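Understanding the architecture of this molecule
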Amino acid sequence: MVNIITELAKYVMILCLAVYTLLGFQLVRREEEGKRAALWAQDFLLFIMHLTGNGILYLSTGNEKVLCFYGMQVFAFLIFLLLQRIFYPRSDKLLNHNLLLLLSVGLLMLARLSFDKAQRQFQIAVLAGLLTFIIPWIIRKAGRLRDLYWIYGAGGLMTLAAVLIIGNTSFGARLSLTIYDVTIQPSEFVKILFVFFVAGMLYETQDLKRVAVTTCAAAAHVLVLVLSRDLGGALIFFVTYLVMLYVAARQPLYFLAGLGAGCAASFVAWKLFAHVQARVLAWSDPFSVIEEEGYQITQSLFAIGTGGWFGLGLGQGMPAKIPVVEEDFIFSAIAEEMGILFAVLLIFVYLCCFYMILNIAMCLKDAYYKLVALGLGTLMIFQVFLSIGGVIKFIPSTGVTLPFISYGGSSLLSMFAVWAIVQGMYLKRGDEVAENEKEKEQEQRKKK
Amino acid sequence: MKKKKSRNREKRNSREYTNVLWIITGVFALMVGYLVWFQATESRSVINNPYNARLNTFEERVVRGSILASDGQILAYTKVAEDGTESRIYPFDCTFSHVLGYADYGKTGLEDMGNFQLLTSNAYFVERFLNELRGDKNIGDSLVTTLDVDLQTAAHDALGTRKGAVVVMEPATGNIRALVSKPDYDPGKVEENWSELSSSRDSILLNRAMQGLYPPGSTFKTVTLLSYLREHQMDGSGYAFHCTGSVSVGNSSISCYHGTAHGDLDLTEAFARSCNSAFADMGRNLDVESLQTLSDQLLFDSDLPLSFPYSKSSFSLDEDDGEALRMMTAIGQGDTLVTPMHMAMLVSAVANDGVLMVPRFMDRTENYTGQLVERYSTETYGELMTAEEAGILQEYMRAAVENGTASALDSDAYMAAGKTGTAEYSSDKSKSHAWFIGYAAGDKPDLAVCVLVEEAGSGSEYAVPIAKRIFDAYYAD
């Protein structure tokens, strides 16, 4: 009986997410007036899916705590939507929805994998929501934050260097610092500073000297991360910088040259470092080293393949067989139990976020914020690419978390910050439009 | 004017953003495409892996499906007792042991290859739904193999109590019609007999057809012959040799079987009568490099397109290897080692005008009521030799039946061709493995066979009669 319900539920969830995603893509383009109905529908689908998923989890585990946990989530989501409505009535609802959707899927999967971790993730999410709540207001009001770019650059770089020297090692990479029992991954936050730094450097002038200085600083960031063996982080910084440079300078040559340099550097790294070779081997022929380097990726492929298009159903698979499944490999667990179709739709949700952020960037007039929006969007979507591409063996795995879904406090908090900054810029765009209209009105009045 | 300018600028400005958008969209399209491709084509072979613990959980919800012969006869099925205990039954006992494998104590053979299909139920969905509702197990899909009960039985019986292997394959499709390895075991009783089976000196559990490595003996003369013909523009008419029963190599000698002096021979006679002296002499003058190239083309030392566990055949000969080794290699007594499966594939390619078909064990899966679920297509592996070369080899192999070591296969019902082999495997020259590789054509699709009888004697005496029983059984009706 439980099997049947699990079986049906997974179709319900796939269907909900499909319609949700479709509406999401429509909402990216549509103007304010036509949005209401679609937004309500998204709200509805979001909560139906959330309810279905948690219901199944309860049925398959029989754990009453699941129900309680579900209640807390719903409460928090509703409060969040309410607060947004009160304090930021003009914020972008689509981005809010996508945030909640990704969070709810992440919490659901985590609760299935490790209830303790799910609860901790939830606490962090609430904290992150509160901490970042003020960010949109700051962005909207702040005047000269952009002039402090050298602080962002130097501060970020020094933080990364500190991690390299005194950080904790996990899985062969130096990623985290422990301060008063709290372990954080500074690079998650330095990413954001880095975007502000690059935007500050490049938004006004893009002469050769500026570009050279900025490139050196960016290269320093990347180099420190490579030395910390944080290959995923290094790639994210690198690509984000390339895209920002290309758009700021409007020079495709920069992009191509950078890409070439990146390829050459990757090749050299592959030649020189055993840990890079191990990752490439695990990607190119994991089955030949199935007990060693290839273990994680093959388990991930087993999970995805056995799950199939529609998944085995929540609680019916064996995602725990994949090492680090709650963090870097959570996408495989989702694909295994909720289905490849669901997982693909989730990818579309991320793309939808990216389109929305790019849309905001294009509509903004302020060159600085345009670049910031672009940079943040790029780092988010590229992180998604590295994470998912790695676990499905599309590219070598670089050990990157999936935004809003993977377990991990720093990752979650930094993504909340990204999202809040983007919301702030959306509000800014609204202000610009309003100003524009005022000016027009005044002009017309003058004419009269 | 000013306004227009600024709008232009805006447009230009947004061009880069649009480009970024398209690049990211493209990269993601590739990634999603890859994921979909993986699931649609790769996933099945990937997940059917002993390291994938998930398949075991399938057994809790599905009764393992049946394995059928190509005509629908049941080769393996699961019987569910009233109290729900399941037992795997093999109606033909030992006959299909190695090719079916076993499922109770780990999994091998087809039980392993088709594990995923056997544990997946594509029964009518209402029925599946009701079973789920009642908490009953569904019945897994049936695997329809390419195996033929008559041919398998003929091969199994003909090999008798001897150790060895037989592979029967359709050259045009790659269909494996029979695969025997002896000694064999009862696949239904592997668990209870495990200690005996696994500790036996005869390696009962070893699938000799796939994993046994043997010196090829005179069957290798087919390779030597092709190499010689290639050096002579595929024209063997200039060849002549006078056989005195042996040739000397340094201070030892290579002699013909039983020391027979074959007298004056042309190339066809030398091959058909399997003259060791002639081929050893040929080996003396053969270009080592082109023989090496040929052995690569014929899949020595390389991966074979097989989903069963198998051993790679090995061939090695260098320019600096002595004359003796070159001569021994030419008659299949050097360091060369082959599996019966590989030899079956080679002779299939000869029979199929040079083209090797991927050996095919599984024809289709059906749900337990017989409705088709999936059909597995035949696959061409590629050309091992040109059609012209294959045609010429066919003539030489035909001569061995018409007027040579395989003359017992001369029949009205079919036209057989092949090559025998008698492979010494130790310093004791009286002990040898008997080989036959060949094929037959008649009013049915061609059939290729490879027979290996361990520690028996000459190929014509011990291997050819087994091939004959298989061809007779096949063309009888």
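Residues numbered from 1 in each chain as written. Chains lettered and ligands numbered in written order. Predicted model: local features only at pLDDT ≥ 70, side-chain atom pairs only at ≥ 80, totals over all residues.

Turning to the overall build of chain B, a few remarks are in order. For chain B, the helix and strand inventory stands at 18 helices and 19 strands. Projected onto its principal axes, the C-alpha coordinates of chain B cover approximately 100 × 85 × 45 Å. For chain B, buried positions account for 48% of its 477 residues. Considering only contacts in chain B between residues 6 or more positions apart, those separated by 24 or more positions represent 66%. (Helix = DSSP H or I, 4+ residues; strand = E, 2+ residues; numbered from the N terminus. Buried ≥ 20, exposed ≤ 12 C-beta atoms within 10 Å, placed from the backbone. Contact = placed C-beta atoms within 7 Å.)

With that settled, the discussion passes to the overall build of chain A. In terms of helices and strands, chain A carries 17 helices and three strands. Principal-axis analysis of the C-alpha atoms places the extent of chain A at approximately 75 × 60 × 40 Å. Here chain A, with 448 residues, has 52% of them falling under the buried criterion.

Another aspect to go through is the environment of Lys393 of chain A. Residue and element names in this part refer to chain A. Turning to its location among the elements, Lys393 is positioned in the loop between helix H16 (367-391) and helix H17 (409-447). By the C-beta count within 10 Å, which is 23 here, Lys393 ends up buried. In this structure, Lys393 is in contact with Trp283, Ile297 and Leu301, ignoring residues within four places of it in sequence.

For any two helices packed against each other, the geometry is given by the interaxial angle and the distance between the axes. Residue and element names in this part refer to chain B. Closest axis-to-axis distance for the helix H12 (residues 276-285)/helix H14 (residues 323-330) pair is 7 Å, and the angle between their directions is 130 degrees. Taken together, the axes of H12 and H14 are oblique relative to one another. With respect to the hand of their crossing, H12 and H14 are arranged in right-handed fashion. Here Phe279, Ala280, Met282, Gly283 and Arg284 of H12 come into contact with H14, specifically with Glu323, Arg326, Met327, Thr329 and Ala330. Grouping the constituent residues of the contact of H12 with H14 by class yields five nonpolar, two polar and three charged. (Axes fitted to C-alpha atoms, helices over the stretch in contact; angles between N-to-C directions. Parallel < 35°, antiparallel > 145°, perpendicular 65-115°, else oblique. Left-handed = near helix turned anticlockwise from the far one by under 90°. Nonpolar A, V, L, I, M, F, W, Y, C, P; charged D, E, K, R; others polar.)

Next up on the list: helix H10 (residues 221-231) of chain B. All names here are of chain B. With eight of its eleven residues buried, H10 lies for the most part within the structure. When H10 is considered as a whole, its buried residues turn out to be Lys221, Thr222, Val223, Thr224, Leu225, Leu226, Ser227 and Tyr228. Positive phi appears at Gln233, one or two residues downstream of H10, with a value of about 50 degrees.

It is worth spelling out the interface of chain A and chain B at this point. Each side of the interface is counted separately: chain A has 34 residues, and chain B has 26 residues. Those elements giving two or more residues to the side of chain A that touches chain B turn out to be helix H1 (2-29), helix H10 (231-249), helix H13 (295-307), helix H15 (340-363) and H16 of chain A. When residues of the side of chain A that touches chain B are assigned to their parent elements, the largest contribution, eight residues, is made by H15 of chain A.

The pairing of strands in a sheet happens through backbone hydrogen bonds and is either parallel or antiparallel. All names here are of chain B. The antiparallel open sheet is built from five strands, whose spatial order is S8-S7-S19-S18-S17. Every interior strand has two partners, whereas the edge strands, strand S8 (176-182) and strand S17 (415-424), have only one. Strand-to-strand twist in this sheet, taken as the mean axis angle between neighbours without regard to direction, amounts to 5 degrees. In this sheet, strand S19 (residues 447-453) lies alongside strand S7 (residues 164-169) in antiparallel orientation, the contact comprising six bridges. When the bridges of S19 are listed, Val166 appears paired with Val451. Here helix H16 (residues 387-403) sits on the sheet in contact with S17 and strand S18 (432-441), set at roughly 80 degrees to S17. (Pairing = 2+ DSSP bridges.)

This part covers the pairing of S7 of chain B. All names here are of chain B. Counting buried positions over the six residues of S7 gives six, a clear majority of the element. Neither face of S7 is exposed, since Gly164, Val166 and Val168 on one face and Ala165, Val167 and Met169 on the opposite face are all buried. Hairpin connection between S7 and S8: a loop of six residues separates the two successive antiparallel strands, and Gly174 in this loop has a positive phi of roughly 85 degrees.

With that out of the way, let us pick up the packing of helix H8 (residues 186-202) of chain A against H10 of chain A. All names here are of chain A. Contact geometry of H8 with H10 gives a least axis separation of 11 Å together with a crossing angle of 20 degrees. Between H8 and H10, the crossing angle belongs to the class labelled roughly parallel. Here H8 runs over H10; the crossing is right-handed. Counting all contacts with H8, which are made through Ser187, Lys191, Phe194, Val195, Val198, Ala199 and Leu202, the residues of H10 involved are Gly233, Ile236, Phe237, Thr240, Tyr241, Met244, Leu245 and Ala248.

Glancing now at the sheet that holds strand S6 (residues 142-145) of chain B. Residue and element names in this part refer to chain B. Read across the open sheet, the six strands follow the order S4-S3-S2-S6-S14-S15; overall the sheet is mixed. Edge positions in the sheet fall to strand S4 (86-89) and strand S15 (372-375), since each has one partner strand and no second. Two elements, strand S2 (residues 67-68) and strand S3 (residues 74-80), share two bridges in a ladder whose sense is antiparallel. Bridged to Leu68 within S3 is Ile74.

Right, let's get into H14 of chain B. All names here are of chain B. If you check which residues of H14 are buried, you get Arg326, Met327, Met328, Thr329 and Ala330. Buried positions along H14 lie against H10, strand S10 (246-249), strand S11 (252-255), H12 and helix H13 (288-297). Count one or two residues on from H14 and you reach Gly332, which has phi positive near 80 degrees.

All right, on to the confidence of the model for chain B then. Residues and elements named next belong to chain B. Taken as a whole, chain B shows an average pLDDT of 90; of its residues, 97% reach a score of 70 or greater. Mean pLDDT per element in chain B: helix H2 (residues 54-58) is the minimum at 80, and helix H15 (residues 340-351) is the maximum at 97. On the interface metric, ipTM, the complex scores 0.93, and its pTM is 0.75. (pLDDT = per-residue confidence, 0-100.)

Cis geometry is adopted by the peptide bond preceding Pro183 of chain B, which originates at Lys182 of chain B and carries an omega value of 5 degrees. You can see Pro183 of chain B is positioned in the loop between S8 and helix H8 (194-199). With a phi close to 70 degrees, Lys393 of chain A is a non-glycine residue in the positive phi region. Positive phi values are uncommon outside glycine, yet Asp93 of chain B reaches one of about 50 degrees. As for its placement among the helices and strands, Asp93 of chain B is situated in the loop between S4 and helix H3 (97-100).

Turning our eyes to something else, we now look at the environment of Leu151 of chain B. Residue and element names in this part refer to chain B. Along the chain, the position of Leu151 falls in helix H7 (residues 149-159). Residue classification places Leu151 among the buried residues on the basis of 25 C-beta atoms within 10 Å. Distance in space between the C-alpha atoms of Leu151 and Leu384 is 27 Å, their sequence separation being 233 residues. Contacts of Leu151, omitting those with residues within four sequence positions, involve Val168, Arg177, Ala178, Ile470, Ala473 and Tyr474.

With respect to the secondary-structure elements, Gln251 of chain A resides in the loop between H10 and helix H11 (252-272). In this structure, the C-alpha to C-alpha distance between Gln251 of chain A and Phe69 of chain A, residues 182 residues apart in sequence, is 51 Å.

What follows deals with the pairing of S4 of chain B. Residue and element names in this part refer to chain B. Relative to S4, S3 runs antiparallel, the two sharing four bridges. Note that in S4 the partner of Val80 across the bridge is Glu86. What sits between S3 and S4 in their antiparallel hairpin is a turn of five residues, with Gly84 showing a positive phi close to 95 degrees.

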